[in-house]
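# Architecture at a glance
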Amino acid sequence: MEKSEGRREAQAAEGDDLRMAPEEMLDLARRASELLVERIETLPGEDAWDGDFQQELEKQLMEAPPEEGRPAAEVLERAARDILPLSLRLDHPRSFAFISCSPTWPGVLADYMAAGYAINQCTWLIASGPSQLELVVIDWFRRWVGYPESAGGLFTSGGSAASLDAFVAAREAAGHPDRASVYMSDQSHSAHIRAARIIGVKPERIRLLPCNARFRLDLEALKRAVAEDRAAGLHPIAVCANAGAVSTGAVDPLGEMADFCEAQGIWLHVDAAYGGFATVTERGKELLAGMERADSIGIDAHKWFFQPYEAGTLLVKDVKTLERAFAVRHDILQDTIWGANHPNISDRGLQLSRSFRALKVWMSVQTFGMAAFRRAISKGMELAGQAEEYVRESPVLEMLAPVSLGVVCFRVNPGDADLGEEALEEVNRTVLARVFWDDKAFVSSTLLKGKFALRFCIINHTTAWDDVRETLEGIERFGKEALGSR
Ligand SMILES: *Cc1c(COP(=O)(O)O)cnc(C)c1O
């Protein structure tokens, strides 16, 4: 296989084997863009999921790296044909499983531009423009969540990293006690259990508390657990609240939890990873009231703010708490210290070398404007509400939790069939498998107080009511067939 003539010439002229000629670079970038735009245009006609078994993929892909390169266009086409499509298409209008994200095109290009400029968003000296822009975007978020001016934060890989950074700050604020304990509801994302483990909280001191019928944390259970643990000599360092629990979208009693944590001197972290951006809409702001009283908030722009992965953020009410927890003087970076108004954002979290994540949010918002984002986020909530109505009117479907922030949990259960829990689970597992194999859509499930639930998360700006309705109709049909064959 031949490398292009242009590349060979450019390399010979520069004595640089990793260089391409400008024409070849442009051709390649053009082809990559064509492939992406074509994909976006044809996506609604495709299945939301594709994948294969490891044995099969290994056969195709396991090979030694070639000693000599091949034509770049060929390599690109192979990636676009054999690797990238084998995935859940999270941006598919019928991708309702887990938490999807449909990135905006300016956001995608922002990642490309940041990579092309070789930005390392670590310190002011090394990236002052990007640092200032991160301050700008974090300031937007600060205003949206209702935080004071003392607040600040940083972009992270996602909600998991945000919760880890938050726990480190919480532990530091508590004076780094030996017998630390943390509290969250049994609906909290596993990321918090992992974050607590990483900072060294013993498994039995990670307290998962029960929820009420609406899947909101039971405040009395929290109070009891904290009192018991204090009596046993433990030192509660953090409470996590859900602002959009991952299974149901439930929002914990944020104001009451803030009252309790303030009185107890315990750090309150709000996990708004997926739900948080609802706060830019009127309705979301009401649902999330009280969030602004937390010590820290994790919120992911790669979920309900339509950005490519990775685009998490951590906001803290007092940015100094983060810097106290993370800033470490490092001799090799001694030239990078500019002073108080020139933060080195790497002093606020785990990462030193960091990609320039703020650019995607900024480019997307500059391009479309906030009104467009508000409408796109509202649409998710409206479609979820319509889906709830549909389920309530359906003779074969049953809601399993109130709709909250774009999440709909339900199951096939014609009341008159009088099936036990086990039989219902079997029927619904069959239905889920039928959607997987026989429908374009991709839907996932969860367990709600022991009940097997089908779950839609509808937060994709490309999703229309027909996408939701037709998928629900499919589920009704598969449900009737599964019931009929019993
Ligand atoms: C996605 C999610 C997380 C984890 O965040 P990552 O960005 O995947 O690291 C935590 N909590 C909630 C509610 C989430 O939706």
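Our subject in this report is the structure included herewith. (Residues numbered from 1 in each chain as written. Predicted model: local features only at pLDDT ≥ 70, side-chain atom pairs only at ≥ 80, totals over all residues. Heavy atoms only, no water.)

It is worth spelling out the overall build of the chain at this point. Counting secondary structure elements, the chain contains 16 helices and eleven strands. Its C-alpha radius of gyration of 25 Å places the chain within 12% of the 23 Å reference for a compact globule of 486 residues. Considered along the principal axes of its C-alpha atoms, the chain spans approximately 75 × 60 × 45 Å. Looking at the chain as a whole, 49% of its 486 residues qualify as buried. Summarising the internal contacts of the chain: among those between residues at least 6 apart in sequence, 73% fall at separations of at least 24. Here the chain displays about 23000 Å² of accessible surface, and carbon together with sulfur accounts for 53% of that area. Taking the average place of the 54 positive charges on the side chains of the chain and the average place of its 73 negative ones, the gap between the two points comes to 5 Å. (Helix = DSSP H or I, 4+ residues; strand = E, 2+ residues; numbered from the N terminus. Rg over C-alpha atoms; globule rule 2.2 N^0.38 Å. Buried < 20%, exposed > 50% of the residue type's maximum accessible area, 1.4 Å probe, protein only. Contact = heavy atoms within 4.5 Å. Areas by Shrake-Rupley, 256 points an atom, 1.4 Å probe, with all protein chains shown as cover. Lys, Arg positive; Asp, Glu negative; His and termini not counted. Charge placed at Lys NZ, Arg CZ, Asp CG, Glu CD.)

A separate point is the site of the ligand. Near the ligand, the surroundings consist of 13 residues, among which Gly159, Ser160, Asp271, Asp300 and Lys303 are the closest. In this structure, Lys303 approaches the ligand through a side-chain N or O atom, which is 2.9 Å from an oxygen atom. Contact with the protein chains removes 86% of the 380 Å² of surface that the ligand exposes when unbound. Its residues assigned to classes, the shell around the ligand comprises four nonpolar, six polar and three charged. (Near = heavy atom within 4 Å. Polar contact = N/O pair within 3.5 Å; in protein donor to acceptor, adjacent residues only side chain to side chain. Nonpolar A, V, L, I, M, F, W, Y, C, P; charged D, E, K, R; others polar.)

This part takes up the pattern of salt bridges. Tallied over the full model, the rule gives 34 salt bridges. Among the salt bridges present, the one from Glu56 reaches Lys59, with a minimum N-O distance of 3.3 Å. One end of the pair is Glu56 and the other is Lys59, both in helix α3 (residues 54-61) and three residues apart, which spans about a single turn. You can call Glu56 partly exposed: its relative accessible area is 30%. According to the relative accessible area criterion, Lys59 is exposed, its value standing at 63%. A salt bridge links Arg392 to Glu388, with the shortest nitrogen-to-oxygen separation between them at 2.6 Å. Here the residue Arg392 and the residue Glu388 both occupy positions in helix α14 (residues 370-393), the gap between them amounting to four residues, near one helical turn. Under the relative-accessibility criterion, Arg392 is labelled exposed at 54%. (Salt bridge = Lys/Arg side-chain N within 4 Å of Asp/Glu carboxyl O.)

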